[in-house]
Amino acid sequence: MSSLHHPRVLIPETKIKQRIKELANEISYDLRGKDVTAVCILKGSYMFFADLIREMDLPLSCEFMGVSSYGNKTSSSGEVKITLDMTEPVNGKHVLLIEDIVDTGLTMQYLINTLKVRNPASIKTCSLLMKPESLQCKVNIDYTGFNIGKEFVVGYGLDYQGRYRQIPYIGVMDNEG
Ligand code: IMP
């Protein structure tokens, strides 16, 4: 039986928790009094989403959207496909899109454009991680947890070939395990 390979720690659990509290406070303040729909972008953001909304002092509805990622590659194909859609309409709602990571920005740009035509009252974007050097388009992220370099990261919901999502911190794959 093989055991789990532990990637090198880039952002420890304690730092993630602390940053989530700060983000949740900021978001709760900005969206106070509004009818909010928090949208979890699957698969990668499920852990971040669950922790973030538990720190938010706001009544909100939760929706889930599935977006295809890179398959088994570690670089963007530029292709975005919706694999699962929300079950409730968002017209008139204040939408908060919650992503795990913004790399080229193409996924978030596609999601924003897709949701705009559904006539929400507003769209805010939040991503735990952001790779500013990898951006290939202009995309507005209202709330960012951490800026990182171009390295491929795993853990805390993020995967490499479907694995490593259960790691509780953000790690870097130095050599594939
Ligand atoms: P973008 O469209 O290039 O911004 O990519 C967004 C999606 O690519 C994310 O939601 C992730 O699923 C995936 N992704 C980008 N960079 C990484 C990484 O370093 N680790 C794991 N997944 C990543």
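Residues numbered from 1 in each chain as written. Predicted model: local features only at pLDDT ≥ 70, side-chain atom pairs only at ≥ 80, totals over all residues. Heavy atoms only, no water.

Participant: Would you mind showing me how to read unusual backbone geometry here?
Facilitator: The omega torsion across leucine 42 and lysine 43 is 5°, close enough to zero to call that bond cis. One can find lysine 43 in the loop between strand 2 (36-42) and helix 2 (46-55). If you check the backbone angles, asparagine 119 has positive phi at about 55° while not being a glycine. Residue placement: asparagine 119 occurs in the loop between helix 3 (106-116) and strand 6 (122-130). With phi around 50°, tyrosine 156 is a residue other than glycine that occupies positive phi space. Mapped onto the elements of the fold, tyrosine 156 is located in the loop between strand 8 (153-154) and strand 9 (170-172). Judged by relative accessible area, which is 5%, tyrosine 156 ranks as buried. (Helix = DSSP H or I, 4+ residues; strand = E, 2+ residues; numbered from the N terminus. Buried < 20%, exposed > 50% of the residue type's maximum accessible area, 1.4 Å probe, protein only.)

Participant: Can you walk me through the pattern of salt bridges in this structure?
Facilitator: Where side chains of opposite charge bring their charged atoms close, a pairing between them can arise. By the definition in use, this model includes five salt bridges. Between arginine 54 and aspartate 51 there is a salt bridge whose closest N-O contact spans 2.7 Å. One end of the pair is arginine 54 and the other is aspartate 51, both in helix 2 and three residues apart, which spans about a single turn. When its relative accessible area of 64% is taken as the criterion, arginine 54 is described as exposed. Taking the shortest distance from any N to any O, the salt bridge between arginine 118 and aspartate 85 comes out at 2.8 Å. In this pair, arginine 118 is assigned in the loop between helix 3 and strand 6 and aspartate 85 in the loop between strand 4 (82-84) and strand 5 (94-102), connecting sequence segments 33 residues apart. (Salt bridge = Lys/Arg side-chain N within 4 Å of Asp/Glu carboxyl O.)

Participant: Whenever I open this one, the environment of valine 39 confuses me. Can you help?
Facilitator: Assignment of secondary structure puts valine 39 in strand 2. Take valine 39: its relative accessible area is 0%, and that puts it in the buried class. Taking C-alpha positions, valine 39 is 14 Å from threonine 83, a pair spaced 44 residues apart along the chain. Not counting the four nearest positions on each side in its chain, valine 39 is found in contact with Phe49, Glu63, Met65, Met86, Val95, Leu96, Leu97 and Ile98. (Contact = heavy atoms within 4.5 Å.)

Participant: Please clarify how the side chain of lysine 131 should be interpreted in this entry.
Facilitator: Looking at the element boundaries, lysine 131 is found in the loop between strand 6 and strand 7 (143-147). Within the local environment of lysine 131, its side chain forms a polar contact with the backbone oxygen of glutamate 151, the two atoms lying 3.2 Å apart. When residues no more than four places from it in sequence are discounted, the contact partners of lysine 131 are Ile101, Val102, Asp103, Ile148, Gly149, Lys150, Glu151 and Phe152. (Polar contact = N/O pair within 3.5 Å; in protein donor to acceptor, adjacent residues only side chain to side chain.)

Participant: I tried to follow the packing of helix 1 (residues 13-30) against helix 2 on my own but got confused; where do I start?
Facilitator: In a pair of packed helices, the angle between the axes and the distance between the axes together describe the arrangement. For the pair helix 1 and helix 2, interaxial distance at closest approach is 8 Å and the crossing angle is 55°. Regarding the angle of helix 1 to helix 2, the classification is oblique. Like other packed secondary-structure pairs, helix 1 and helix 2 cross with a definite hand, here right-handed. Contact with helix 1, carried on its side by Ile20, Lys21, Leu23, Ala24 and Ile27, involves Phe48, Asp51, Leu52 and Glu55 of helix 2 and no other residues of that element. Across the contact of helix 1 with helix 2, the residue classes tally to six nonpolar, no polar and three charged. (Axes fitted to C-alpha atoms, helices over the stretch in contact; angles between N-to-C directions. Parallel < 35°, antiparallel > 145°, perpendicular 65-115°, else oblique. Left-handed = near helix turned anticlockwise from the far one by under 90°. Nonpolar A, V, L, I, M, F, W, Y, C, P; charged D, E, K, R; others polar.)

Participant: Explain the environment of alanine 121 to me, please; I cannot follow it from the model alone.
Facilitator: Within the secondary structure, alanine 121 is located in the loop between helix 3 and strand 6. Residue class for alanine 121 comes out partly exposed when judged on its relative accessible area of 45%. Separated by 39 residues in the primary sequence, alanine 121 and isoleucine 82 place their C-alpha atoms 22 Å from one another. Those residues in contact with alanine 121 that lie beyond four places of it in its chain are Gly92, Lys93 and His94.

Read these as layout, nothing more, since geometry by itself doesn't imply function.
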